[in-house]
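# Per-entry structural report
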Amino acid sequence: MLCDDTGFMPFTPELAFPRLAILSALAQEQLGLIGLLHQPRRVRHAHRDFWLGDLHGHPVVLALSKIGKVAAATTTAALIERFGVRQIVFTGVAGGLGQGVKIGDVVVATGFVQHDLDASPLFARYEVPLYGKTCFPSDAGLSALLATASRAALEHTSLRALGFQDGCVHQGLVASGDRFVCGAEESRQLLRLMTEAGHDVLAVEMEGAAVAQVCADYGVPFAVMRTISDRADDSAHVDFSDFVQSVASPYARLVIQSFLRLLLKK
Ligand code: ADE
């Protein structure tokens, strides 16, 4: 029987093997990966489906973050507590904020800040209360592998055929918040406020900072790649839907396959 420092826990086979979790923001992304799983097994927990199996020689668990910071935090905590995962990689899409971050590019996050967190004047704006910090960094080693995998996947994807410019990989800070940023003025303002606070933000999304904070609480290394689906401007919602279907899902599958091959070589 497995136990922890809070007392006995019933044996759960999911905890027997430390695993890599592959967290997807979108059901379309996850579908492609489930199709590649060897001996897939679905476990229903916390109103979510977790898919256990083997992917390119790795015991993995696939999960959906759901949308927004709280949902992503629940999924992350469940992955760690219930499924014993020891590494997390996350794929999804984001709105491009930084100059030169265009639709079709990839951002591999070096860290996360919450752009909608403001407990001032008790704490500095954007500071996570009682943590004494604003940014939560990603794991450098996993992020380097993810960046290499993203470059390899971009080389195999003809974005031009789909009407986009060729993409490139950026590495930098990502801002998360419970808001789909969908206005040119709003995104300019967001970028200005972040820059004034000393945060050189490349992209905006809705989950990464929550995953980062939970992973920091548990000491679990994680890395995140986001394909840029829109520019967080007035046409963001249209660009987002088109892009997810035609590019982001097949692309995430290529990235994960390449990432797992690289991980095996380490
Ligand atoms: N994810 C993809 N595009 C986004 C946007 N514009 N705002 C927040 N999250 C996003």
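With that settled, consider the site of the ligand. Around the ligand, the surrounding shell holds 13 residues, and the nearest of these are Gly 95, Phe 180, Val 181, Glu 205 and Asp 230. Within the backbone of Gly 95, a nitrogen or oxygen atom sits 3.3 Å from a nitrogen atom of the ligand. Within the contact set of the ligand, a nitrogen atom lies 2.8 Å away from a backbone nitrogen or oxygen of Val 181. Calculation on the ligand without its partners gives an accessible area of 260 Å², and the protein chains cover 97% of this total. Going through the elements one at a time, β7 (85-96), β11 (201-205) and β12 (222-230) are the ones with two or more residues in the shell around the ligand.

Another aspect to go through is helix α2 (residues 69-81). Structurally, the α-helix is built with 3.6 residues per turn, so residues lying three or four positions apart point the same way. Here α2 contains 13 residues, and its C-alpha end-to-end distance of 18 Å stays within 8% of the 18 Å for a straight helix at 1.5 Å per residue. All of the buried residues along α2 are Lys 69, Ala 71, Ala 72, Thr 75, Thr 76, Ala 78, Leu 79 and Ile 80.

Inspection of every chain in the model, using the stated rule, returns 10 salt bridges. We note a salt bridge from Glu 196 to Arg 192, for which the minimum N-O separation is 3.0 Å. Placement of both Glu 196 and Arg 192 in helix α4 (residues 184-196) is noted, with a separation of four residues, approximately one turn of the helix. Judged by relative accessible area, which is 40%, Arg 192 ranks as partly exposed. With its nearest N and O atoms 2.9 Å apart, the salt bridge here joins Glu 207 to Arg 226. You can see Glu 207 sitting in the loop between β11 and α5 (208-218) and its partner Arg 226 sitting in strand β12, a full 19 residues away along the chain.

As a further point, take the environment of Val 244. By the element assignment, Val 244 lies in helix α6 (residues 236-265). With a relative accessible area of 4%, Val 244 lands in the buried category. For the pair Val 244 and Gln 28, spaced 216 residues apart in sequence, the C-alpha separation works out to 7.8 Å. When near neighbours in sequence (up to four residues on either side) are disregarded, Val 244 contacts Leu 26, Gln 28, Val 93 and Ser 249.

Core analysis: the biggest nonpolar cluster contains 73 residues, and Ile 22, Leu 79, Ile 88 and Phe 259 have the highest contact counts within it. Broken down by element, the residue count for this core peaks at 11 residues, all from α6. Apart from the residues within four sequence positions on either side, Ile 88 is in contact with Leu 20, Ala 21, Leu 23, Thr 76, Leu 79, Ile 80, Leu 142, Cys 215, Val 220, Pro 221, Phe 222 and Ala 223. Core analysis: the next-biggest nonpolar cluster, separate from the first, contains 11 residues, Tyr 126, Ala 175, Val 201 and Val 204 among them.

The N-to-C vectors of α2 and α5 enclose an angle of 35°; their axes lie 8 Å apart at closest approach. Seen along the crossing, α2 lies across α5 with a hand that is right-handed. Contact residues: Lys 69, Ala 72, Ala 73, Thr 76, Ala 77, Ile 80 and Glu 81 in α2; Ala 210, Val 211, Val 214, Cys 215 and Tyr 218 in α5. Partitioning the contact of α2 with α5 into residue classes produces nine nonpolar, one polar and two charged.

In this section: the pairing of strand β3 (residues 19-24). A large share of β3 lies buried, amounting to six of its six residues. Of the two faces of β3, the one lined by Arg 19, Ala 21 and Leu 23 and the one lined by Leu 20, Ile 22 and Ser 24 are each fully buried. With six bridges connecting them, β3 and β7 associate as parallel partners. Bridging across to β7, Ile 22 finds its partner in Val 89. As judged from the five bridges shared by β3 and strand β6 (residues 58-64), these two strands associate in the parallel manner.

Another point: the packing of helix α1 (residues 27-34) against α6. α6 packs onto α1 with a crossing angle of 40° between their chain directions and a minimal axis gap of 8 Å. What the angle tells us is that α1 and α6 run oblique. When the axes of α1 and α6 are compared, the crossing they make is right-handed. Within the contact between the two elements, α1 uses Gln 28, Glu 29, Gly 32 and Leu 33 and α6 uses Val 244, Gln 245, Ala 248, Ser 249, Ala 252, Arg 253 and Ile 256. Residue composition of the contact of α1 with α6, grouped by class: five nonpolar, four polar and two charged.

With that settled, the discussion passes to the side chain of Ser 65. Mapped onto the fold, Ser 65 is located in the loop between β6 and α2. Judged by relative accessible area, Ser 65 falls into the buried class, the value being 0%.

This part is about unusual backbone geometry. At the junction of Ser 120 and Pro 121, the peptide bond is cis and its omega measures out at 5° in the coordinates. The backbone phi angle of Gln 39 is positive, close to 50°, even though this residue is not glycine. Assignment of secondary structure puts Gln 39 in strand β4 (residues 38-45). Given a relative accessible area of 74%, Gln 39 falls into the exposed group. Positive phi values are uncommon outside glycine, yet Tyr 126 reaches one of about 80°. Inspection of the secondary structure assignment puts Tyr 126 in the loop between β8 (106-114) and β9 (136-137).

Definitions and limits used
- Sequence order as written defines residue numbering, which begins from 1 separately in each chain.
- A pLDDT threshold of at least 70 governs which residues receive local features in this predicted model, and a stricter bar of 80 or more applies before side-chain atom pairs are shown or counted, although totals over entire chains, interfaces and linings include all residues.
- Excluding hydrogens and water, the side-chain values take into account all heavy atoms of the structure.
- If a single non-hydrogen atom of a residue is within 4 Å of a molecule or strand, that residue counts as near it.
- A 3.5 Å cut-off defines polar contacts: any pair of N or O atoms within that distance qualifies, except that in protein one atom must be a possible hydrogen donor and the other a possible acceptor, and neighbouring residues in sequence count only when both atoms are side-chain atoms.
- Computed by Shrake-Rupley with a 1.4 Å probe, the accessible areas treat only the displayed protein chains as cover when residues are assessed.
- Counting from the N terminus, the helices are DSSP H or I runs at least four residues long and the strands are E runs at least two residues long.
- The span one expects for a helix is its residue count, reduced by one, times 1.5 Å.
- Each residue's exposure class comes from its accessible area (1.4 Å probe, protein chains only) as a fraction of the maximum for that residue type: buried when under 20%, exposed when over 50%, partly exposed otherwise.
- The rule for a salt bridge is simple: a side-chain nitrogen of Lys or Arg has to be within 4 Å of a carboxyl oxygen of Asp or Glu.
- In what follows, a contact means two residues having at least one pair of non-hydrogen atoms within 4.5 Å.
- Among buried residues, those of type Ala, Val, Leu, Ile, Met, Phe, Trp, Tyr and Cys that are joined through side-chain atoms within 4.5 Å constitute a nonpolar core.
- Only the contacting stretch of a helix is used when fitting its axis, a line to C-alpha atoms as for every element, and angles between N-to-C directions run 0 to 180 degrees.
- Note on convention: the crossing is left-handed when the near helix lies turned anticlockwise from the far helix by less than a right angle, right-handed when the turn is clockwise.
- Just so you know the grouping, Ala, Val, Leu, Ile, Met, Phe, Trp, Tyr, Cys and Pro go in nonpolar, Asp, Glu, Lys and Arg go in charged, and all remaining residues, Gly too, go in polar.
- Two strands are counted as paired when DSSP detects at least two bridges linking them.
- Note that the term roughly parallel is reserved for angles under 35 degrees, roughly antiparallel for angles over 145, roughly perpendicular for angles of 65 to 115, and oblique for everything else.

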